[in-house]
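Overview (structure and organization)
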Amino acid sequence: SPECSESSTPELEKAGLLNKTKIAEGGRKLRKNWNPSWVVLVGNSLVFFKDPKSQSPASWKPGNSRPESSVDLRGAKLHWANDLSSKKNVFRLRTVTGNEFLLQSETDSVIKEWYGTIQSVIHRLDRD
Ligand code: I3S
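These numbers were taken from a predicted model, which means no experiment stands behind them. (Residues numbered from 1 in each chain as written. Predicted model: local features only at pLDDT ≥ 70, side-chain atom pairs only at ≥ 80, totals over all residues. Heavy atoms only, no water.)

**Structural notes on the overall build of the chain**
Scanning the chain for helices and strands turns up two helices and eight strands. The helix and strand sequence of the chain, counted from the amino end, reads α-β-β-β-β-β-β-β-β-α. For the chain, with 128 residues in total, the buried portion stands at 36%. Pairs at least 24 apart in sequence give 51% of the contacts found in the chain among residues at least 6 apart. Here the chain displays about 8,000 Å² of accessible surface, and carbon together with sulfur accounts for 50% of that area. (Helix = DSSP H or I, 4+ residues; strand = E, 2+ residues; numbered from the N terminus. Buried < 20%, exposed > 50% of the residue type's maximum accessible area, 1.4 Å probe, protein only. Contact = heavy atoms within 4.5 Å. Areas by Shrake-Rupley, 256 points an atom, 1.4 Å probe, with all protein chains shown as cover.)

Below, the structure written as structure tokens:
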């Protein structure tokens with residue numbers, strides 16, 4: 001039931017490494033700064049962690065991996081955005097609060113899966 005799913009632990013949908021840059025904060029344009037990011041889709045949120053490869057072994061201990069930031073997908077918009085970058089396989093995610101991110105992978109299948117999974121979560125939340 002909806003009551004049940006709301007009170008249970010959020011479901012881990014997907015996790016993996018993508019290239020990420022934030023391009024707007026509250027509707028205000030930001031300068032691009034691409035970095036690898038460990039991206040986790042859990043419940044209604046997309047959560048960003050530092051690239052695990054750039055972390056010390058200590059940072060792997062449970063509880064030590066503090067997210068860099070997280071995005072509420074309710075009301076968010078997702079669009080392919082190859083016009084916004086010279087890189088291939090880029091999509092743009094815009095939140096209701098006007099934060100915008102570009103996410104990218106060199107691997108076509110990887111970025112397509114992320115696009116589809118995030119879009120399905122956004123659509124599910126639209127129906128709630
Ligand atoms: O859309 P832009 O401004 O051409 O994006 C590029 C620049 O942000 C560049 O940084 P600087 O102008 O600060 O040197 C980045 O290094 C590039 O990666 C950005 O372009 P791409 O096409 O990679 O998204």
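**Here we look at the side chain of T95**
Position of T95 among the secondary structure elements: in the loop between β7 (90-94) and β8 (100-104). Take T95: its relative accessible area is 6%, and that puts it in the buried class. There is a polar contact of 2.9 Å between the side chain of T95 and the side chain of T97. Discounting chain neighbours no more than four positions away, the residues touching T95 are V71, D72 and A76. (Polar contact = N/O pair within 3.5 Å; in protein donor to acceptor, adjacent residues only side chain to side chain.)

**Examining the site of the ligand**
In the vicinity of the ligand, the residues found are R31, K32, W34, S85, S86 and K87. One nitrogen or oxygen atom from the side chain of K32 is found 2.7 Å from an oxygen atom belonging to the ligand. Of the residues contributing to the shell around the ligand, the split by class is one nonpolar, two polar and three charged. (Near = heavy atom within 4 Å. Nonpolar A, V, L, I, M, F, W, Y, C, P; charged D, E, K, R; others polar.)

**Side note on helix α2 (residues 108-127)**
Counted at 1.5 Å a residue, the expected span for α2 with its 20 residues is 28 Å, and the 29 Å between its end C-alpha atoms agrees. Taken together, the buried positions of α2 are I111, W114, Y115, I118, Q119, V121, I122 and L125. Down the axis of α2, the buried side of the element spans an arc of 160 degrees, and every buried residue falls inside it. Opposite the buried face of α2, at more than 90 degrees from it, the exposed residues are K112 and R127. Looking at the packing, one finds that the buried side of α2 touches β1 (12-25), β3 (35-42), β4 (45-50), β6 (77-80), β7 and β8. (Expected span 1.5 Å × (residues − 1). Arc of directions from axis to C-beta.)

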